[in-house]
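Coordinate analysis (summary)
Listed below, chain by chain, are the residues.
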Amino acid sequence: MKDSGLAHYFRPTDLGLALDWLSDNEARVAAGCTDLLAATTAPQLSGPVLDVTAIQNLRGISKDDRYWRFGATTTWTDVIRADLPPAFDSLKLAAREVGSQQIQNAGTLAGNLCNASPAADGVPCWLTLDAQIELKSKHTTRVLPLSSFLNGPRQTELATDEIVSAILVPQTSAGGRSSFLKFGARKYLIISIAMVAARITENRGVVSEIAISVGSCGAVATRLTELEAALNGQPLLGIETRITDVMIENAIDPIDDLRSDAVSRKIAASELVRRCIASLGQDPVASA
Amino acid sequence: MTAQSVEFSVTINARPTKILAHPGKRLSDALRTDLGLIGTKVGCDAGDCGACTVLIDGEPQCACLTPLSHVADREIATVEGLSADQLAPVQEAFLRHGAAQCGICTPGMLMAATALLANNPSPTPDQAEEALSGVLCRCTGYRKIIAAVCDVRDQHEKRLMPSAGHAVGAPVERLDGRQKVDGTEIFGADYRPSDALYVHVIRSPYHAAQFKFGDLAEFVESTPGVEAVFTADDIQGENVFGVIPPFADQPALAKDQARFMGEAVALVVGDQDFLTAMDLAPFPVVWTEIEANLDPLVAQTDKAPDIHSGRPNNVLITGNVKTGDPAAALSKAAHIVRGEMTTSFVEHAYIEPEAGSAWVDGEALVIQACTQAPYMDRADTARVLGLDPEKIRIIPTATGGGFGSKIDVSIQPLLGLVALKTGRPCHIVYTRSESMASTTKRHPGIMRASIGADTNGKIVGMHFDGDFDTGAYASWGPTVANRVPVHASGPYKTPNYLAQARAVHTNGPVSGAFRGFGVPQAASLQETLYDELAEKCGIDPLEFRRINALQDGDTSVCGQEMQGVGIRECLDALVPHWNAAKLAAVEFNRSSTTIKRGVGVASCWYGCGNTSLSNPSTIRLGITADGRLLLHQGAVDIGQGSNTVIPQICADALGLPLDQFELIGADTALTPDCGKTSASRQTFVTGKAAMLAGQELRRKILRMSNMSSDAVITLQDGKLTVAEQSTTREIKLDDLPSGEHGYVLHAEETYDPPTTPLDENGQGKPYAVYGYGAQMAEVEVDIKLGAVKVTNIVAAHDLGRVINPLLAEGQIEGGIAQGLGMALMEEYVPGRTANLHDYLIPTIGDMPPVQSILIEKTDPEGPMGAKGLGEHVLIPTAPAILNGIRHASGAKLTKLPALPHRVLRAIQEAKAPK
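Since this is a predicted model, take the numbers as computed values, not measurements.

Counting secondary structure elements, chain A contains ten helices and 14 strands. The C-alpha radius of gyration of chain A comes to 20 Å, within 12% of the 19 Å expected for a compact globule of 288 residues. Dimensions of chain A along its principal axes, counting C-alpha atoms only, are 70 × 45 × 30 Å. With 288 residues in all, chain A has 56% of them scored as buried.

The next subject is the overall build of chain B. A count of helices and strands for chain B gives 21 helices and 33 strands. The C-alpha radius of gyration computed for chain B amounts to 27 Å, which stays within 12% of the reference 29 Å derived for 914 residues, consistent with globular compactness. The principal-axis extents of the C-alpha atoms in chain B amount to approximately 85 × 80 × 60 Å. Looking at chain B as a whole, 64% of its 914 residues qualify as buried. Nonlocal contacts in chain B, meaning residues at least 24 apart in sequence, comprise 78% of its contacts between residues at least 6 apart.

Below, the discussion takes up the confidence of the model for chain B. Confidence along chain B averages 97 in pLDDT terms, with 100% of residues attaining 70 or more. Reported for the predicted complex are a pTM of 0.98 and an ipTM of 0.96.

What follows concerns the interface of chain A and chain B. Of the residues lining the interface, 43 residues belong to chain A; the matching set on chain B comes to 52 residues. Residue assignment for the side of chain A that touches chain B shows that the elements contributing at least two residues are β3 (49-51), α4 (101-104) and α10 (262-281) of chain A. By residue number, the principal contributor to the side of chain A that touches chain B is α10 of chain A, which donates four residues. Grouping the constituent residues of the side of chain A that touches chain B by class yields 20 nonpolar, 15 polar and eight charged.

Turning to the packing of helix α14 (residues 519-537) of chain B against helix α15 (residues 541-548) of chain B, a few remarks are in order. Each pair of packed helices can be described by the angle between their axes along with the distance between the axes. Residues and elements named next belong to chain B. Orientation of α14 relative to α15, taken along the N-to-C sense of each, is 100°, at an axis distance of 9 Å. As far as their axial angle goes, α15 and α14 are roughly perpendicular. Note on element contacts: α15 touches α14 through Pro541, Phe544 and Arg545, opposite Tyr530, Asp531, Ala534 and Cys537. Along the lines of polarity and charge, the residues of the contact of α14 with α15 split into five nonpolar, no polar and two charged.

Moving on: the domain arrangement of chain A. Residues and elements named next belong to chain A. For chain A, the assigned domains read domain 1 (9-51), domain 2 (61-173) and domain 3 (177-281). A C-alpha centroid distance of 19 Å is found between domain 1 and domain 2. Domain 1 puts eleven residues into the contact, and the matching count from domain 2 is 17 residues. By residue number, the principal contributor to the side of domain 1 that touches domain 2 is helix α1 (residues 15-24), which donates four residues. The class makeup of the residues in the side of domain 1 that touches domain 2 is five nonpolar, three polar and three charged.

With that settled, consider unusual backbone geometry. In this model, Gly47 of chain A is joined to Pro48 of chain A through a cis peptide bond whose omega is -5°. Its location among the elements puts Pro48 of chain A in the loop between β2 (28-30) and β3. For the peptide bond that leads from Leu896 of chain B to Pro897 of chain B, omega is 0°, which places it in the cis range. Looking at the secondary structure, you find Pro897 of chain B in the loop between α20 (877-889) and α21 (900-911). Its identity is not glycine, yet Phe517 of chain B carries a phi of approximately 45°, on the positive side.

On to the domain arrangement of chain B, then. Residues and elements named next belong to chain B. Each assigned domain of chain B is listed with its residue range as follows: domain 1 (1-158), domain 2 (191-292 + 354-429), domain 3 (516-610 + 764-911) and domain 4 (617-751). Averaged C-alpha coordinates put domain 1 and domain 2 at centres separated by 32 Å. A per-class count over the side of domain 1 that touches domain 2 returns four nonpolar, two polar and one charged.

Turning our attention to the sheet that holds strand β8 (residues 226-231) of chain B. All names here are of chain B. Taken together, the seven strands give an open sheet; going across it, the order is β8-β10-β6-β18-β15-β16-β17, and neighbouring strands pair in mixed fashion. Strands with a single pairing partner mark the edges of an open sheet, and in this sheet they are β8 and β17 (392-396). Adjacent strand axes in the sheet meet at a mean angle of 25°, parallel and antiparallel pairs treated alike. The pairing of strand β16 (residues 364-369) with β17 spans five bridges and is parallel. Note on β17: the bridge partner recorded for Leu365 is Ile392.

Quick look at the pairing of strand β5 (residues 67-71) of chain A now. Residues and elements named next belong to chain A. Along β5, four of the five residues are buried, which leaves the element largely enclosed by surrounding structure. Where strand β4 (residues 61-63) lies against β5, three bridges are found, and the strand directions are antiparallel. Paired with Ser62 across the strands is Arg69, a residue of β5. Between β4 and β5, which pair antiparallel and follow one another directly, the connecting turn spans three residues. Strand direction decides the pairing type here: β5 and strand β10 (residues 163-170), joined by five bridges, are antiparallel. Looking at β10, one finds that Phe70 is bridged to Ile167.

With that settled, the discussion passes to helix α3 (residues 106-119) of chain B. All names here are of chain B. Along its 14 residues, α3 runs 20 Å from first to last C-alpha, staying within 8% of the 20 Å computed at 1.5 Å per residue. Counting buried positions along α3 gives twelve out of 14 residues, so the element sits mostly inside the fold. Turning to α3, its buried residues are Thr106, Pro107, Gly108, Met109, Leu110, Met111, Ala112, Ala113, Thr114, Ala115, Leu116 and Leu117.

Here the focus is the environment of Gly218 of chain A. Residue and element names in this part refer to chain A. Tracing the sequence through the fold places Gly218 in the loop between β13 (206-215) and β14 (222-223). C-alpha of Gly218 to C-alpha of Phe183: the two residues are 35 residues apart in sequence and 15 Å apart in space. If we ignore the near neighbours within four places in the chain, the residues touching Gly218 are Pro118, Ile252, Asp253 and Pro254.

Definitions and cut-offs
- Residues numbered from 1 in each chain as written.
- Chains lettered and ligands numbered in written order.
- Predicted model: local features only at pLDDT ≥ 70, side-chain atom pairs only at ≥ 80, totals over all residues.
- Helix = DSSP H or I, 4+ residues; strand = E, 2+ residues; numbered from the N terminus.
- Rg over C-alpha atoms; globule rule 2.2 N^0.38 Å.
- Buried ≥ 20, exposed ≤ 12 C-beta atoms within 10 Å, placed from the backbone.
- Contact = placed C-beta atoms within 7 Å.
- pLDDT = per-residue confidence, 0-100.
- Nonpolar A, V, L, I, M, F, W, Y, C, P; charged D, E, K, R; others polar.
- Axes fitted to C-alpha atoms, helices over the stretch in contact; angles between N-to-C directions.
- Parallel < 35°, antiparallel > 145°, perpendicular 65-115°, else oblique.
- Domains from an automatic or database assignment.
- Pairing = 2+ DSSP bridges.
- Expected span 1.5 Å × (residues − 1).

Shown next as structure tokens:
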């Protein structure tokens, strides 16, 4: 048999070993493989591949005084089943809409970010949680805000010798309640036309902190900072009536594609923001 | 096998197993090729369809997206593990409810259901929907799957098989059902001869291009795993195929020029592992892209060169029906409406990509592949390969959905070429994207129509004109051009009528047959215009249709005197549902501002069988010396149920119980030609041949025993017993001489529907039998987002005589799902949507409940009164939904599919001051 040219597939259990190997080998980092295997017609992942799913301590959700820590290989199903405060409701809702249950059982949080699709379901939620991305290489650990990590469609700050090791959510951004809306042309298995995540903290019926983001309406998902500033400090009840389309439309840059045209995406984004915010404002709960 | 194979220990269906393979290998591939567990199906290799769903430690995952390394030391459950000697309750429930049609998605559905049922033995429909939402089905419309999963019982009474004389009308579980639920069914990809060469197709990356090959011999020599390359120069027959021989124009492998994106130009043959893993970019071909023409209107002008010589202005054919004086009638009409409708390429999106094998067996070339039309495959393959058709044997595998596209050959001539050239067996499995890029589509239509009515709401005339994009090659373009003018009136009395339809070549994908042959497109215009016309007349839309419905003795637009016309009965059956739904919508809309409800109705009629052309079926039936009763059933069952319905008809014609029948075929070596599974013809045409064969065998038995037609025949213990009143006679079968085909008694009958050619005005008798139907759709429109949700459908269909109500409902629900997709989401764009995540088909959550109402207005020609159904069911769905959208929101859609942004724009246009 002639040489097939198939290269190495490395699946260590130790993070140090993984990073050592990655510093010496140019390889693709594989986790849940729901994007990597979907992108090829070959019967297997062609190498070289660093498979990080066997690395201990890379999967799971924990917290300390400063951060909620979501391990890189935590799956969407792990998120759905985790006991998390209401600030993460948006993430749970998004998790339920990542592909199908089959995908949610395999797909990982870090993989979703590294794949860097403009329609990545997790990104709007993470943005409202001020998520930070922990990157590790053999010699360095660095932490970037998610908005700095994502550079554009299929483009990230990840260096060739780095892996994403965790997604960190500051405790200071894990307050309040959140929601997520995803809009597409069918009920399940959707790549969205537009999606919105929002998180609101209130104090005696007044918004004390608000984070809103929109996905699938530009090269990367984005926070609506102008709108957030306008809504902060306002009464929560009926807050959606204070939203103006222009504040949303100025912040996004949707394209015409197969799923929608740009004009309709802007309309959809505005409407989804209103609905998402309204759902959070409808039933105010006393702040803790 | 590969450079880095590793041994993995896994537990599969409770059995510890070792697999030696590459750690990055897809689990689906390891299960199927390394372990022979072919019950796990592959539909997309991208996690879009869920057919490959298996359970890993009890949780559903797509095996196609799971590298083998991830399952080391874990427990995997596949469909093969669900049953041992006895089927599991969930499998029984699938059979009982008719939840498996073609069966290709069934293993994935069953595994997702199994995961649900482990935690929740009595799920609600919503829970079942959620749990199964990752698996696509293209046949069933999902409702029977939900019903099955909600009705899984440890103990239930097995439905008894009908006794002699009672098969027709009985809700018999499909006779070929067991293998569809236990994972043993063999589809195109599931059998691969052990030493088979793999065939990889090189395809055009451009809509239009010229090309030249480089040094192919050097490529073969220098590329590991490659054994040979074949091009058009290797084809020894006539390098064209086509379903309508006079129009055949499509090369099996293009020579010098590619006319559409995805067209096959060369075959690379070799070792499967190498070929599928290999980057074939170095394949020596030089492309010169030429300007493509993708617009069927531009194609008819001087701006576009002719794609085929001899077809000026790219018009393949024009179909035409004219009666009365439509211009005069429309000019005098009290009310007139005019409109346009544009539809898109629609992909069949069966979950099984084309696949099969070929080998040489003595003198014969054997091709075993998924198909809808074995004898047409044989003829086309023989033409391309320069062989006598008798030297080719076509063995259809189970076909994992067809819907029209698997009538045309795809892989058959390619497999045949390789098997002949190499003398070795060969195997091919299309990828999802090459299946979508290279096979036929529904014709996009650009249609205009005017319809007029008098002051009483009676239609006085109609004018219809349509351009249908038939793509690069003829395929079924002539059929669409001929069928559309015959049907564009809808099932309504239209005294003055002119309809024209042109099939026009472009460099788009080849448009062929897709459930309805252009009629669903035309109905989407005619039926929406009917709503506007009803409004102008001040008449309720349903009442307007009842006023104009064809009745027995009326003449059609072709001048045919119609009999057994059931459209009025279908519309009548909708009346109570319609009235209730309209009231409910008004009530709902009173308090709802963002979501608006609406109700729409639409009708269909559809001629069964070929248009004015012979399309016979032949059925053979025999009894052996040892008392077996064999039915040679050549009507390919692609999930629609001919393996069950044809025996049901035959059983009652013969007078023996259904469960005594053994089925043979389909197989061109074993079954006479039953034509193609297409044109809603199998229940009617093959069914009638089966009835005639059953009756003939009965006559022979009665003659031998000298009994009258009332006698009761039984077949038991190697003898026939014929009883009448007090007389009983026995025929000992092994006393009889063995005759033709090895039977001691046999009958073979052919039926060909009596039609007449259409004259220059399209007048004549195009079909011997028509079926009718009407559907009502309740919809909710989100007027801020343009999103449409269909909440309920009531479907009344006239089947003439219901042969099997369980399967009939399955056809109705499945056709509605495809009509819903066409209405709301399906738009194939060559080069951009050749996958199942950019090309959207309805998921389980998009299908509303369907209430089927089966009407039996007996047809004088059909077997036992039966009519066809398969295509009818799709035709009214899209216009009923469009009418519902307009009722809810005012939005008048003129382009399908009604994606949210199009609905939103139409809502804004409706609101804009005129």
